[in-house]
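What follows is the residue order along each chain.
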Amino acid sequence: MSMLEAEGLHTFYGKSHILHGVGLEVREGEVVTLLGRNGAGKTTTLRSIAGLTHAREGVVRLFGKVTTDWPPFRIAGLGLGYVPEGRRIFSTLTVDENLRVPAERPGPWSIPRIYQLFPRLAERKTNKGRQLSGGEQEMLAIARALLLNPKLLVLDEPSQGLAPLIVQEVFKVVTTARDEGISVLLVEQNVRAAVAVADRAYVLDDGHIVYEGSAAEFAKDEERVRALAGASA
Ligand code: ATP
């Protein structure tokens with residue numbers, strides 16, 4: 001079953017035509033990564049899916065419903081957990097207070113469960129957001145999205161600015177979420193780390209999807225994909 005189907009998305013900022021017919025799919029239980037260089041349109045694709053910047057043409061279907069023109073809160077209520085770039089946690093609130101902010105959607109995720117699965121956040125419970133490391137802030141941002149009990153988790157560059165070991169730790173959260181039955185769409189520039197956890201990969205370049213493949217196909221095409229995605233490491 002498809003959790004997300006985007007077809008022929010054309011998205012603009014004013015007169016700037018950013019997405020030129022982007023299509024992608026996330027099926028139930030999959031981790032799918034969307035790769036691409038700076039400015040390729042990855043964030044714009046996520047914004048089009050989350051209802052923050054509506055596509056001018058094309059269709060977004062989430063969990064079988066056409067949501068192309070829905071407002072973001074309605075899309076979130078349907079089960080999309082969106083973690084934007086830059087970890088927008090509350091810096092003056094503690095970890096625990098940050099986790100109490102989301103309005104609840106019924107489901108298996110709860111604050112005790114978060115602490116059980118992410119012991120690092122439990123250790124930091126009474127620390128303020130601004131006292132956390134970048135990796136801890138990212139984990140907190142993801143944990144907050146999980147408390148909404150999403151069916152599809154959408155992450156925008158969770159590895160940004162993190163040291164390699166911390167990236168591994170944050171990406172474990174992605175596999176934990178998947179093991180709990182949540183599908184994941186992961187935007188990344190860190191090709192190696194993303195592909196290590198993904199079932200399928202897409203590459204976006206200048207607003208066009210220029211590659212699509214399974215993890216096995218990707219292994220064969222790695223050089224080409226890395227070149228397309230502008231990967232340096
Ligand atoms: P990055 O890795 O830098 O976030 P990206 O692949 O996510 O890159 P987008 O952020 O989607 O790319 O940006 C795609 C293009 O849209 C870029 O050329 C960018 O300059 C432009 N753009 C992004 N946001 C706006 C905006 N609010 N108004 C006008 N142009 C924008």
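If you check an unreviewed UniProt entry, the protein appears there as Amino acid/amide ABC transporter ATP-binding protein 2, HAAT family from Tistlia consotensis USBA 355.

A.B. asks: Explain the pattern of salt bridges residue by residue, including any values.
C.D. replies: Evaluation of the coordinates by the stated rule reveals 14 salt bridges. Among the salt bridges present, the one from Arg178 reaches Asp199, with a minimum N-O distance of 3.0 Å. A residue pair is termed long-range when its members are at least 10 positions apart, and Arg178 in helix H7 (residues 164–179) and Asp199 in the loop between helix H8 (191–197) and strand S9 (200–205) qualify at 21 residues. A salt bridge links Glu212 to Arg200, with the nearest nitrogen and oxygen atoms 3.5 Å apart. Here Glu212, found in strand S10 (residues 208–214), pairs with Arg200, found in strand S9; they are 12 residues apart in sequence, far enough to count as distant. The exposure class of Arg200 is buried, given its relative accessible area of 8%. Each of Glu25, Arg27, Glu30, Arg200 and Glu212 takes part in one network of salt bridges that share partners.

A.B. asks: I'd like a rundown of the site of the ligand, residues and numbers included.
C.D. replies: If you check the shell around the ligand, you find 13 residues, and the closest are Gly39, Gly41, Lys42, Thr43 and Thr44. A distance of 2.5 Å is found between an oxygen atom of the ligand and a side-chain nitrogen or oxygen belonging to Thr44. Considered on its own, the ligand offers 630 Å² of accessible surface; in the complex 58% of this is hidden by protein. By residue number, the principal contributor to the shell around the ligand is helix H1 (residues 42–50), which donates three residues. Looking at side-chain class alone, the shell around the ligand contains three nonpolar, six polar and four charged residues.

The rules behind each value
Residues numbered from 1 in each chain as written. Predicted model: local features only at pLDDT ≥ 70, side-chain atom pairs only at ≥ 80, totals over all residues. Heavy atoms only, no water. Salt bridge = Lys/Arg side-chain N within 4 Å of Asp/Glu carboxyl O. Helix = DSSP H or I, 4+ residues; strand = E, 2+ residues; numbered from the N terminus. Buried < 20%, exposed > 50% of the residue type's maximum accessible area, 1.4 Å probe, protein only. Near = heavy atom within 4 Å. Polar contact = N/O pair within 3.5 Å; in protein donor to acceptor, adjacent residues only side chain to side chain. Areas by Shrake-Rupley, 256 points an atom, 1.4 Å probe, with all protein chains shown as cover. Nonpolar A, V, L, I, M, F, W, Y, C, P; charged D, E, K, R; others polar.

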